[in-house]
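Survey of secondary and tertiary structure
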Amino acid sequence: MSRNGNERPDVPDSEVVPMVERRRFTAEEKLRIIEEADRCTEPGAIGALLRREGIYSSYLSRWRRARDRGQLTALGPQPRGPKPATDVELAREVARLRRENERLQERVDRAETIIEVQKKLSQLLGQSPEENESSGKQ
C-alpha cells in the first residue's frame, strides 16, 4: 500500500505539499545576526552561523551595508507598492487646482464656441465685424 492509501504503486502521490512562507527578519533579528557574525573569529564560523540561521551571505552583506550607512529603517520590513504622498496638503492643493483648471477650460471652450457662432451669424447677415463694432459704439 502506498503512502496516500492507494494500493497501486504506479499511481502518483496526490498529496499537495504546502508552500513555505517567506521568512521576514525584524530589525532586531538582523542586528543580532550581524553582531554575532562580527564576533566570529574562527575559520568557518560565519559559514556555520549562516547555515544555522538559514540565510545567504548576500543577506549579511546587504544588512551590514545598511547598518554602516545608518539606515536603521532599511533593516526593518519595507512596505511594497507606491510611495505615499509626502505632503497631503500639497496633494489636496494640486487636486483642487486641477479641478479649477478643468472648469475654466470648459468656460473658455464655451466662449470660443459663442464667438464662432457670432462670426457666422454676422457673415450670414452680410455684416463685417468692423460694421458691428462701429454700429455698437453709436
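Quick summary incoming for the structure in this document. (Residues numbered from 1 in each chain as written. Predicted model: local features only at pLDDT ≥ 70, side-chain atom pairs only at ≥ 80, totals over all residues. Heavy atoms only, no water.)

Structural notes on the overall build of the protein chain
Scanning the protein chain from terminus to terminus reveals five helices and zero strands. Within the protein chain, buried positions represent 12% of all 138 residues. Sequence separation of at least 24 residues holds for 47% of the intrachain contacts in the protein chain that already meet a minimum separation of 6. Accessible area for the protein chain stands at about 12400 Å²; split by element, carbon and sulfur atoms hold 54% of it. (Helix = DSSP H or I, 4+ residues; strand = E, 2+ residues; numbered from the N terminus. Buried < 20%, exposed > 50% of the residue type's maximum accessible area, 1.4 Å probe, protein only. Contact = heavy atoms within 4.5 Å. Areas by Shrake-Rupley, 256 points an atom, 1.4 Å probe, with all protein chains shown as cover.)

Section: the nonpolar core
The nonpolar side chains of a soluble globular protein tend to be buried, and buried together. In this structure, F25, I33, I34, A37, L49, L50, I55, L60 and W63 together form the largest nonpolar core, which totals nine residues. Here the element with the most residues in this core is helix α1 (residues 27-39); it accounts for three residues. Not counting residues within four places of it along the chain, the set of residues in contact with I34 comprises L60, W63, R64 and R67. (Core = buried A, V, L, I, M, F, W, Y, C linked by side-chain atoms within 4.5 Å.)

A short note on the side chain of E53
For E53, the location among the structural elements is in helix α2 (residues 45-53). Contacts of E53, omitting those with residues within four sequence positions, involve R23, R32 and I33.

A few points about the pattern of salt bridges
In this structure the tally under the stated criterion is nine salt bridges. For R52, the salt bridge is made with E36, and the minimal N-O distance between the two is 2.2 Å. Of this pair, R52 sits in helix α2 while E36 sits in helix α1, placing them 16 residues apart in sequence. Through salt bridges with shared partners, one network takes in R32, E36, R52 and E53. (Salt bridge = Lys/Arg side-chain N within 4 Å of Asp/Glu carboxyl O.)

Topic: the packing of aromatic side chains
Geometrically, a pair of aromatic rings is defined through the distance of the ring centres and the angle of the planes. Per the stated rule, a full pass over the model turns up three aromatic pairs. Ring centres of Y56 and Y59 lie 5.8 Å apart, and the angle between their planes is 90°; on these two criteria the pair is classed as edge-to-face. Residue classification places Y56 among the exposed positions, given a relative accessible area of 59%. Accessibility expressed as a relative area gives 28% for Y59, which makes it partly exposed. Taken together, the ring pairs in this structure connect F25, Y56, Y59 and W63 into an aromatic cluster. (Phe/Tyr/Trp six-rings, centres within 6.5 Å; stacked < 30°, edge-to-face > 60°.)

With respect to α2
It helps to recall that an α-helix has 3.6 residues per turn; residues three or four apart then point in one direction. Of the residues making up α2, those classed as buried are L49, L50 and E53. What you see down the axis of α2 is that its buried residues fit within an arc of 95°, all on one side. Opposite its buried face, α2 presents the exposed residues R51 and R52, each directed more than 90 degrees away. Of the surrounding secondary structure, the elements contacted by the buried residues of α2 are α1 and α3 (57-68). Positioned one or two residues after α2, G54 has a phi angle of 75°, which is positive. (Arc of directions from axis to C-beta.)

Quick notes on α3
Taking 1.5 Å of rise per residue, the twelve residues of α3 would be expected to cover 16 Å, and the 17 Å separating its terminal C-alpha atoms lies within 8% of that figure. The complete set of buried residues in α3 reads L60, W63 and A66. An end-on view of α3 places all buried positions within 130° of arc, on one side of the element. Against the buried residues of α3 lie α1 and α2. At the C-terminal side of α3, G70 shows a positive phi close to 80°. (Expected span 1.5 Å × (residues − 1).)

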